[in-house]
Amino acid sequence: MNDTQLILTMFAAVGLGTPLIFATVGEIITERAGILNLGVQGMMLIGAVTGFWGTFQTGNLVFGVVIAMVCGAALSAVHAFTSITLRVNQIVSGLALALFGSGLASFLGRAGSEPLVGHPSRAQFEPIFTGGIADIPIVGPLLFGHDPLVYLSWLVAGAASYYLFRTRMGLSLRAVGEDPASAEAAGVHVSKVRYVHVLIGGALAGLGGAYFSLALTPTWQDDPIGAAGWIAIALVILASWRPWRAVFAAYLFGAAERVQFTLQTLGEPWSDIPSTLLAMLPFILAIIAMIVLTSGKRARLLGAPSALGVPYFREQR
Amino acid sequence: MTTDAPTDAETDLAVELRNVDKAFYGVKANDNVNFRLARGEVHALLGENGAGKSTLCSILAGLYRPDAGEMFLNGAPTVFKSPKDALASGVGMIYQHFRLVPNLTVAENFALGHPSTGIRLDQKKLQEEAAELGDRYGLPIDPSARIWQLSVGEQQRVEILKLLYRNVDVLILDEPTAVLTPQESKQLFKTMRQMADEGRSVIFVSHKLREVKEVSDSVTVLRHGRNVGGVATADAEAEDLARMMVGRDLVLPARTDTTQPGSVVLAVTDLRVEGDRGLEVVSGVSFEVRAGEIVGIAGVSGNGQRELALGLNGLRTPTAGRVFITNFDVTKASVLAHIYAGMSYVPQNRLGVGLAPGLTTEENLALKAFRQPPYSRGRRLVPSAFRSEGARQIEQYDVRGVRPGLPIRLLSGGNLQKALIAREIEMGPKVLILHSPTRGLDVGATQTVRQLALAERARGVGVLLISEDLDELLALSDRLLVMYEGEIVGQMNTEDATAERLGLLMAGKRQGEQT
Ligand SMILES: Nc1ncnc2c1ncn2[C@@H]1O[C@H](COP(=O)(O)OP(=O)(O)OP(=O)(O)O)[C@@H](O)[C@H]1O
Ligand SMILES: [Mg+2]
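Starting afresh in each chain, residues are numbered from 1 along the sequence in its written order. Going through the entries in the order they are written, you letter the chains from A and number the ligands from 1. Predicted model: local features are reported for residues with pLDDT of at least 70 only, side-chain atom pairs are reported and counted for 80 or more only, and whole-chain, interface and lining totals are derived from all residues. Remark: hydrogens and water are excluded; side-chain values derive from all non-hydrogen atoms of the structure.

1. What about the sheet that holds strand β8 (residues 201-205) of chain B?
Through backbone hydrogen bonds, the strands of a sheet pair up, either in parallel or in antiparallel fashion. Residues and elements named next belong to chain B. What counts is decided by this rule: Being paired, for any two strands, means DSSP has found at least two bridges between them. The helix and strand labels rest on DSSP assignments: H or I over at least four residues marks a helix, E over at least two residues marks a strand, and numbering proceeds from the N terminus. Note on geometry: axes are lines fitted to C-alpha atoms, helical ones only across the stretch in contact, with angles between N-to-C directions running from 0 to 180 degrees. Two residues qualify as a contact provided that any one of their heavy atoms is within 4.5 Å of a heavy atom in the partner residue.
The mixed open sheet is built from 6 strands, whose spatial order is β6-β7-β8-β3-β9-β10. This sheet does not close on itself; its edge strands, each paired only once, are β6 (91-94) and β10 (226-232). Within this sheet the neighbouring strands show an average axis-to-axis angle of 20°, counted without direction. Both β6 and strand β7 (residues 170-174) contribute to a ladder of 4 bridges, which runs parallel. Note that in β7 the partner of I94 across the bridge is L173. Along the sheet, helix α6 (residues 182-197) makes contact with β3 (42-47), β7 and β8, crossing β8 at roughly 150°. Contacts between helix α8 (residues 238-246) and the sheet are confined to β3, β9 (218-223) and β10, with β9 contributing the most and set at about 30° to the helix.

Shown next, in the form of structure tokens:
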């Protein structure tokens, strides 16, 4: 690889990583409340299709994004209800949500007399800065060559970080995920905190989904997001439940994804490797990172919320 | 104890409960309870394990919603939907099992749920406020320490200050002294008095009648969920209170004979064990326990007792030293090998280490012996044996409140302990380790547990009794060892021991240094 390729890879990593940042930060917020929502894939797909639809109808990108977030949150509300109010097994509920969301998104893409499938988007997110600072070598494109949602993703990660560790509400959120009984005794409304943050997580997953259909590949196709929802769940662990680390984890993954494409175009001997094997690269990377991070004494420092996945019932003993 | 112009007794009530009912799974934990708490008093709540004390307290604190009944706060009808409501109305509770978030700091625990305005969490300001509050009440704390780093005594201090930070008028303390050293209890009583003198009301739950006599103004007694009467503390002797609680006279058993102990069943030489955080907390401990004697280990909790017990029964492999059960070297052996060599262990942490909270009582009773007949035939389990053996042991060891098919964690503390001891004794051990066996137990259950320990001794079992309760150590042990900072700092025959002498050793004054 030469220099241009390196920059190209890094630039592409930012693009591929951006939807993952939204979804991962969303899932971090959800899990910090003690709720495991494995339905990210479903929520992202719903966000992708409704966001695309919203922009398709109005030509307005912001409207599409808002619709995607609302619909992502709406889907997560189902999970919130089953896991917080009904206290069913969160893994089962989350997996059901993933399957349901995927099916529904695919159906919505084909439904109606004028199905969305195959259509290009009426609008798409473009880089904000053209010329000027964006043309500075290397740092220009890497820092200033992106579309608005990339900058929004940095803002979201920064804001989530501040919220979690520097605000009173963030303190309640962390306490609810660690030890809901103690939080309740201290006067925190555990269910309310959990509901709110599951919805926030859903909205961010929806936003991540919309990034695919409105920025990365602005056409509606049946399988627009790959396995991004599942990857986001893994990245939460990789990021050890800290929003800032999610940015780096997402870009690392984005880079790995990009590198496998680049390798395929490099010619001999790389092109001899079956592309299906290369496609595994990012996942192998994720697995290795997880093993390294979660093995031995480091696991305890990881910071998984202690009450993650455990239903809470005030009068339980 | 003064309020603004109390016209009659009614207006002087801080809290009143009328006809309160609360049932769990069809069992009435509170049955038509009436309860009155005056302003400026320390009010003790007494009752056997499972009598419904914690339930009543939790209703007052808004944690449980009563099935029926009314509550009046300062004379006005009130409904608490959550602890948040209760705290906002000035009612706060310190639970039997502390409610502090372990990996947050002291100051963060103060701020948690606090209704102050502002969204920013100002760590520096919070820590200053926390430290200042601690100084004001003579309860020093380190506001930047994380809860898991604190001893139970310190954690309790944090709990009290947390409620004072909320400025509560009614303070509920559910068995606060069960985990405290005598000195810490003394300090707590002082704080309670101070709060009562400020016009606040304190509810105090305890099984120790001596403490109730010492600190409370009045007493309410619960039995089987019902209020069976209240008295002014000054009007009742400890024996009267015990009779009200259990409905009969009680004498706590003590060792009376001095038998000649037999051969050595447990020999420990220069044992070293690490604590949870990798530091050595048992530093070269050596002692022997002979058949038919009870050896007591006194010491303030956190001086390595827990790790010593873990090291002795294989739950944690010692870093150095030797452990022999009779003449088997079990130093590095598995837990199962320890069990087969004849060691039984009643840990301090009954639920979790001792019992599996989610399994039924029958299953828990068989948890160690299930590999052998009658519980299994070959590789197959025999369900009927679980039932019949379970029923026999539940009957024989007087485990009350067992509901078939429901998890054991629903039992009250005393009954959990009886079930646990039943299982350990049924293994027919040569060595029995008892760690704080009567902590949190009512007088009746304490009596049963002490009798069981003495019966095992009479049967020729070597008993190692690890405890902070000096009365109990002096009543049961043949010999006493004192543990301080991971070492044995003193040894004596019980005949030569006094509470004062033990207290000094427990505080770290070595035998030679005493005058
Ligand atoms: N959350 C709960 N779920 C189910 N059963 C419960 C619950 N809380 C209490 N009980 C049952 O209600 C009864 C009263 O329990 P409670 O904890 O109030 O007793 P207690 O007087 O505090 O006993 P102890 O001295 O052991 O603390 C017991 O039979 C107990 O098993
Ligand atoms: Mg209780």
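Resuming the write-up.
2. Section: the sheet that holds strand β4 (residues 68-73) of chain B
Residues and elements named next belong to chain B. Across the sheet, which stays open at both edges, the 4 strands sit in the order β2-β1-β4-β5 with antiparallel pairing between neighbours. Only two strands of the sheet have a single partner each, and these edge strands are β2 (27-38) and β5 (76-78). Strand after strand, the sheet turns through a mean of 25° between neighbouring axes, direction not considered. Across 5 bridges, the pairing between strand β1 (residues 13-24) and β4 is antiparallel. Bridged to V15 within β4 is L73.

3. Section: the pairing of strand β13 (residues 294-298) of chain B
Residue and element names in this part refer to chain B. Applicable threshold: Relative accessibility thresholds used throughout: buried, under 20% of the residue-type maximum; exposed, over 50%; partly exposed, between the two (1.4 Å probe, protein chains only).
Taken across its 5 residues, β13 has 5 buried, putting it largely inside the fold. Burial along β13 is two-sided: I294, G296 and A298 facing one way and V295 and I297 facing the other are all buried. As paired strands, β13 and strand β20 (residues 462-467) are joined by 5 bridges and run parallel to one another. Across the sheet, residue A298 finds its bridge partner in β20, namely S467.

4. Quick look at the packing of helix α10 (residues 228-238) of chain A against helix α11 (residues 243-265) of chain A
Residues and elements named next belong to chain A. As a reminder of what qualifies: Just so you know how the angles are binned, under 35 degrees is roughly parallel, over 145 roughly antiparallel, 65 to 115 roughly perpendicular, and the rest oblique. What makes a crossing left-handed is the near helix being turned counterclockwise from the far one by less than a right angle; a clockwise turn instead makes it right-handed. All residues other than Ala, Val, Leu, Ile, Met, Phe, Trp, Tyr, Cys, Pro, Asp, Glu, Lys and Arg, Gly among them, are scored as polar; the first ten of these are nonpolar and the last four charged.
Interaxial distance between α10 and α11 falls to 9 Å at its minimum, and their mutual angle equals 130°. Between α10 and α11, the angle is such that the two are oblique. Between α10 and α11 lies a crossing whose hand is right-handed. Residue-level inspection shows I231, L235 and L238 of α10 in contact with α11, the latter providing A249, A250 and F253. Along the lines of polarity and charge, the residues of the contact of α10 with α11 split into 6 nonpolar, no polar and no charged.

5. Observations regarding the domain arrangement of chain B
All names here are of chain B. Note the threshold: Each domain span listed reflects an automatic or database assignment of domains. Here the buried area means the combined drop in accessible surface, using a 1.4 Å probe, for two parts upon being joined, counting both sides. Whenever Lys or Arg places a side-chain nitrogen within 4 Å of a carboxyl oxygen from Asp or Glu, that contact is recorded as a salt bridge. Under the rule applied, a polar contact is a pair of N or O atoms within 3.5 Å (in protein, one hydrogen donor and one hydrogen acceptor; residues adjacent in sequence only if both atoms are side-chain atoms).
For chain B, the assigned domains are domain 1 (2-246) and domain 2 (264-513). Just the C-alpha atoms count here: the centres of domain 1 and domain 2 sit 32 Å apart. Domain 1 puts 18 residues into the contact, and the matching count from domain 2 is 17 residues. For the pair domain 1 and domain 2, the summed buried area comes to about 1,400 Å², and 56% of that belongs to carbon and sulfur atoms. For the salt bridge of D471 with R210, the shortest nitrogen-to-oxygen distance reads 3.0 Å. There are 4 residue pairs in polar contact (both at pLDDT 80 or more) connecting domain 1 and domain 2. Of the residues belonging to the side of domain 1 that touches domain 2, the class tally is 10 nonpolar, 5 polar and 3 charged.

6. Topic: the packing of aromatic side chains
Formally: Under the pairing criterion, centres of Phe, Tyr and Trp rings, with the six-membered ring standing for Trp, must be within 6.5 Å; the plane angle then separates stacked pairs below 30 degrees from edge-to-face pairs above 60, leaving the rest tilted.
Under the definition given, this model contains 8 aromatic pairs over all chains. Arranged with centres 5.8 Å apart and planes meeting at 80°, the rings of A:F253 and A:F283 form a pair that is edge-to-face. Within this pair, whereas A:F253 is found in helix α11, its partner A:F283 is found in helix α13 (residues 281-294), the two being separated by 30 residues in sequence. The exposure class of A:F283 is partly exposed, given its relative accessible area of 36%. Each ring, one from B:F189 and one from B:F204, has its centre 5.8 Å from the other, and the planes form 85°; the classification is edge-to-face. A residue pair is termed long-range when its members are at least 10 positions apart, and B:F189 in helix α6 and B:F204 in strand β8 qualify at 15 residues. Judged by relative accessible area, B:F189 falls into the buried class, the value being 6%. An aromatic cluster of three or more residues is present, and its members are A:F52, A:F56 and A:W220.

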